[in-house]
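Structure assessment
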Amino acid sequence: MSHERICVRRRDATDLDACVRVLAEVHESDAYPLNWPQDPADWLAPPESRTEPPLAWVALLDGRIVGHISLSHARPGDAAPGVWSARTGMSPENTTVVSRLYVSPKARGHGIGALLLAETVRDARERGLCPVLDVVTSDRSAAALYERQGWTLMGTVEQRWGPDQTVQVYCYEAPPGI
């Protein structure tokens, strides 16, 4: 998928260093991720998620990686699949979790986040899965992006991220028909 100077494609192993550099820019600017990972490359591409082709995409602007997004299976403790399951009565296994979405602060305003979201939703729908996600309530710009793209806020829940950290997250479901 391309849009002028913007290209969205599957991530490959050679992209991880650039993805980590952009993630560091985003963390510095927006505090995302809230807790900087010990191994950012493994956080972006954990060994259990490495499939061929990977369920991750990058956005390039003028040939440079400026954004990232991925899909993963619902895992125990994931907030959004559980909220979706409680709402629909269907198994969380019918969902896929959209995560690791970020766009370089220098590349914002080009619709890159929306393009990345659309690509993952399309892929999830082709797999017969419902895309869901959660975002910390303090990340208002991300929540605004999801809502502009028609995602449905299913609820707000507390999520435990460790023995000493509990956060509030918004849980969203992708809009139908994408």
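Just above, that's the structure.
Anyway, here's the lowdown on the structure attached to this text. Note on numbering: residues in each chain are counted from 1, in written sequence order. Local features are withheld for residues below a pLDDT of 70 in this predicted model, meaning they are given only at 70 or higher, and side-chain atom pairs are given and counted only at 80 or more; totals for whole chains, interfaces and linings count all residues. Note that the side-chain values use all heavy atoms of the structure and ignore hydrogens as well as water.

Remarks on the packing of aromatic side chains
Within 6.5 Å between ring centres, the rings of Phe, Tyr and Trp (the latter by its six-membered ring) count as paired, and their orientation is classed by plane angle as stacked under 30 degrees, edge-to-face over 60, tilted in between. With the rule as written, the count across this model stands at 4 aromatic pairs. Between tyrosine 32 and tryptophan 43, the ring centres sit 5.9 Å apart and the planes meet at 65°, which makes this aromatic pair edge-to-face. A residue pair is termed long-range when its members are at least 10 positions apart, and tyrosine 32 in the loop between helix H1 (16-30) and helix H2 (40-44) and tryptophan 43 in helix H2 qualify at 11 residues. To sort residues, take the accessible area from a 1.4 Å probe on protein chains only and compare it with the maximum for the residue type: under 20% means buried, over 50% means exposed, and anything in between is partly exposed. Taking relative accessible area as the criterion, tryptophan 43 reaches 18% and is therefore assigned buried. Geometrically, the ring pair formed by tyrosine 146 and tryptophan 151 is tilted, given 6.1 Å between the ring centres and 50° between the ring planes. Its relative accessible area of 5% is what places tryptophan 151 among the buried residues. Aromatic rings pair up to connect Tyr146, Trp151, Tyr170 and Tyr172 into one cluster. Note on conventions: DSSP H or I runs of at least 4 residues are helices, E runs of at least 2 residues are strands, and numbering of each starts at the N terminus.

Looking at the environment of valine 98
Among the secondary structure elements, valine 98 is positioned in strand S5 (residues 95-103). Sequence separation of valine 98 and tyrosine 146 is 48 residues, and the distance between their C-alpha atoms is 11 Å. Residues are treated as being in contact if the distance between any of their heavy atoms lies within 4.5 Å. Valine 98 has contacts with Ile69, Ser70, Leu71, Leu117, Thr120, Pro131, Val132, Leu133 and Trp151, leaving out every residue within four places of it along the chain.

Side note on the environment of cysteine 7
The topology assignment puts cysteine 7 in strand S2 (residues 6-10). For the pair cysteine 7 and leucine 61, spaced 54 residues apart in sequence, the C-alpha to C-alpha distance is 6.6 Å.

Things to note about the pairing of strand S6 (residues 130-136)
Where burial is concerned, most of S6 is hidden: 6 out of the 7 residues are buried. With 3 bridges joining them, S5 and S6 adopt parallel strand pairing. Along S6, the bridge assignment pairs threonine 96 with proline 131. Of the pairings in the sheet, the one linking S6 to strand S8 (residues 165-173) comprises 5 bridges and is antiparallel in character. Bridging from a neighbouring strand, leucine 133 pairs with tyrosine 172 of S8. Strands were regarded as paired on the criterion that DSSP finds at least two bridges between them.

Points about the side chain of serine 104
Position of serine 104 relative to the elements: it lies in the loop between S5 and helix H4 (112-126). Classification of serine 104 by relative accessible area gives buried; the value is 4%. Residues within four places of serine 104 in sequence aside, it is in contact with Val22, Glu25, Val26 and Val66.

Some details on H1
Multiplying 1.5 Å by the residue count of a helix minus one yields the expected span of that helix. The first and last C-alpha atoms of H1 sit 20 Å apart over 15 residues, in line with the 21 Å expected at 1.5 Å per residue. Three or more residues of H1 are buried, namely Leu16, Ala18, Cys19, Val20, Val22, Leu23 and Val26. Those residues of H1 that are buried lie in contact with H2, strand S3 (56-61), strand S4 (64-73) and S5. Downstream of H1 by one or two residues, alanine 31 has phi in the positive range, about 60°.

Considering the pattern of salt bridges
Only one rule defines a salt bridge in this text: a Lys or Arg side-chain nitrogen within 4 Å of an Asp or Glu carboxyl oxygen. For the coordinates displayed, the defined rule picks out 9 salt bridges. Residue arginine 122 is joined to glutamate 126 by a salt bridge in which the shortest nitrogen-to-oxygen separation is 2.6 Å. Placement of both arginine 122 and glutamate 126 in helix H4 is noted, with a separation of 4 residues, approximately one turn of the helix. On the basis of relative accessible area, arginine 122 is assigned to the partly exposed category, the value being 33%. Note that aspartate 123 is salt-bridged to arginine 127, the shortest N-O span being 2.5 Å. The class of aspartate 123 is buried, set by a relative accessible area of 3%. On the basis of relative accessible area, arginine 127 is assigned to the partly exposed category, the value being 43%. Residues joined in a network through salt bridges with shared partners are Arg9, Asp12 and Asp15.

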